[in-house]
Each structure stands twice: as C-alpha cells, then as structure tokens.
Amino acid sequence: MQRQYNAVPLEEAAVEAASPAGGGLIKDLLALSKAKVVSLLVFTGIVGELLAPSVTRHWAGALAGLAGIALAGGAGGVINQLIEPGLDQTMRRTRRRPLANGRISRGGGMLFAGVLLAAAVIVLAVWTNPLTLALTLGGTVGYGIVYTLYLKPNTPWNIVWGGIAGALPPLIGWTAVGDPIAAMPLVLVGLVFLWTPAHFWPLALCCREDYANACIPMLPVTHGVERTRREVVNYAVATLAISLAPAALGAGPLYGVVAAVAGTWYLLLTLRLKRMPESKAMDLYARHVFKASINYLFILFAALVVGHMTVLTGWVTW
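Throughout this description, residue numbers start from 1 for each chain and increase along the sequence as written. Selection of residues for local features in this predicted model requires a pLDDT of at least 70, selection of side-chain atom pairs for listing and counting requires 80 or more, and totals for whole chains, interfaces and linings are taken over all residues. The side-chain numbers reported here are obtained from all heavy atoms of the structure, hydrogens and water having been left aside.

Enquirer: Lay out the overall build of the protein in plain terms, naming residues and giving numbers.
Expert: A count of helical and extended segments in the protein gives 14 helices and 0 strands. Reading the protein from its N terminus to its C terminus gives the helix and strand order α-α-α-α-α-α-α-α-α-α-α-α-α-α. Taking all 318 residues of the protein together, 56% fall into the buried category. Contacts are assigned to residue pairs that have any heavy atoms within 4.5 Å of one another. Taking contacts inside the protein between residues at least 6 apart in sequence as the whole, the part at least 24 apart equals 76%. Labels follow the DSSP assignment, with helices taken as runs of H or I lasting at least four residues and strands as runs of E lasting at least two, numbered in each case from the N terminus. Whether a residue is buried, partly exposed or exposed follows from its accessible area with a 1.4 Å probe, protein chains only, as a fraction of its type maximum: under 20%, in between, or over 50%, in that order.

Below, the structure is given as structure tokens:
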C-alpha cells in the first residue's frame, strides 16, 4: 500500500535547537525566527561580501545586505512555523517551539513576521539595490512558502530543491555592495546547494522513525537507509569537486589545499557512514556526520576569506 504524506514540520538544520518551555520572550522570538539557522546564512553572506571587489567602497550596502539577510531569513523561519504549528506538535524535535506549544500566539507570530519582513524590505530598498532586494525576497518566499507548502510535503527531494533558497546569501552579499553577478558568487551558491543534502540527510537518517511517524516524505522514509547513505556520499563528492573551483577564481592555492583536505575528510566520514550496519551506533554516527558537515562548511568559507586575502596582499602569488 502506498504511504500517503501530509505537510508536517521538518527541522531542516539541527543548528536550530528547540526553545525550552517557559523560556523568556526574547528566547522564544529567537527560536521562532530560527536565529541559529539565520546566523549560518549571515556567515555565508559575509563571505560573499568580503570576496566582492567593491566591498571596501560600499560599507553601507554591505551592512545593509547582512541586516536584510538576517531580517528576511528570520521572517522566513516564522512563516514556516505559522503554516504548520499544529503539525509541529507531532514531532518530538519541534513540538516545543513557541507557536506549537502556545507560548506565542498565532497573531503574535504573524505580527513578528510582518515586522521582520517590512524591516528587511526597507533596509534593502534604501541602502542596497533592486537586485539584492529581489534575491533576498526570493529566498524568503522560496523557503517560507514554496518549500514549506509544496516541496516538503510532496517530494523526498525536498531538501535538494528547497536548498536553493538557503544557498543564495553569498550572492546576496556580493550584489549588496554593488558588484554585478559573477562566477565566484555563483560557484558559492552551487557549493552551498550541493552541500545541503550531504549536510541534512545524515540527520534525517538518525531521525527517520520520527519522520515516518509524522508521514514526512524524507528520503530515508521513502527510499530507505541504503539509498540515503549512497546519496550522502554522492553529494559529498559533488561538494568536494565544486569546492575546488574558487581556487581558480581568486581564492588562491592556500584555499585550494584547505578545500581538498577538508572535502576529503568529510567524504571519508560519509563513506564510513555508508559502510556501517544499520543500528543505533549508525544513528549516533550519522548525527556526528551531520555536526561535522557544519564544521566543514565553516572551514571552507573561512579558508575562502583567508585565501583571498593572501592573494590580495601578495603573500601568495597565483
């Protein structure tokens, strides 16, 4: 019999933690806006700005771009939870969210989302440019509405296509300082896009029973553990391959070495995950791989900045 799936919540990155019951209002608002997830978006946006040629001439646009990413990203997180608060209650990992357990009312959540989104539009419209505003709003709509309403409940590849919205901040940071779209920010978008499934599916593996009980069509539920582990390895390989491209686009040889070493390290983690027998130990290791993937992305983007600076200062010639 074919399983029927309904739209239910997905904790798309466990860099987000549930807010404890009875927490203060500020803590609840941060949880509602998925502040920890947003911080990762802002970080990749910062790197996009620092690599842009015009960043030193457009600090106002740079700061406004980061504020816009944070505000619009927070609004997307609130919209995501507004759409499915009742469904959040069915998941162990989301049922303590502020909207799900009633610490914040639906009206309060709508007001908060509206304020965040309006502030993002004003900041970006005044201090950046129409392209940056359009990209930022596209990311918010892509995650808050397209992903939540259509992708998540209907396809096991939801995290792949939904990852496009989360991959935009490096490009948004680049355009915020007034530079036209170029190869470097597009490669960074592709890098985050390919990294996202390799990052999230290990978490989905160790939480597959929870997803199955909630009828969320995550890949481990619809295609099984073996297929999911193969896909994690495939996307880790693809991420490693594309991560080497920035070395030829101005990030320099130092970045290339770091990317090769870090990518190989993460690929080896995914290969070990693939070989493990299905067990509690595998579940625990899958969570370890998930956490390692966050460190992997941080290493790549930090190395991008350092490598780029070594080229600019002449420490390393290319």
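Moving on from the coordinates now.
Enquirer: Help me get a handle on the packing of aromatic side chains, residues and values and all.
Expert: For Phe, Tyr and Trp, rings pair up if their centres lie within 6.5 Å, where Trp contributes its six-membered ring, and each pair is then called stacked (planes under 30 degrees apart), edge-to-face (over 60) or tilted (otherwise). Considering all chains together, one arrives at 7 aromatic pairs under this definition. With 5.1 Å between their ring centres and 20° between their planes, phenylalanine 43 and phenylalanine 298 make a pair best called stacked. One end of the pair, phenylalanine 43, is in helix α2 (residues 35-51); the other, phenylalanine 298, is in helix α14 (residues 280-313), with 255 residues separating them in the sequence.

Enquirer: If you had to explain the packing of helix α9 (residues 183-206) against α14 to someone new, which residues and values would you point to?
Expert: Lines fitted to the C-alpha atoms define the axes, with helices restricted to the stretch that makes contact. Angles between their N-to-C directions range from 0 to 180 degrees. Put simply, α9 and α14 touch, their axes get as near as 6 Å, and they point 160° apart. Taken together, the axis directions place α9 and α14 in an arrangement best described as roughly antiparallel. For the pair α9 and α14, the crossing hand works out as left-handed. Side by side, α9 and α14 meet where Leu188, Leu191, Val192, Trp195, His199, Pro202, Leu203, Leu205 and Cys206 of the first sit next to Asp283, Ala286, Arg287, Val289, Phe290, Ser293, Ile294, Tyr296, Leu297, Leu300, Phe301 and Leu304 of the second. Classes in brief: Ala, Val, Leu, Ile, Met, Phe, Trp, Tyr, Cys and Pro nonpolar; Asp, Glu, Lys and Arg charged; the others, Gly included, polar. Grouping the constituent residues of the contact of α9 with α14 by class yields 17 nonpolar, 2 polar and 2 charged. Convention used here: angles under 35 degrees read as roughly parallel, angles over 145 as roughly antiparallel, angles from 65 to 115 as roughly perpendicular, and any remaining angle as oblique. By definition, any crossing whose near helix is turned counterclockwise from its far helix by less than a right angle is left-handed, and any crossing with a clockwise turn is right-handed.

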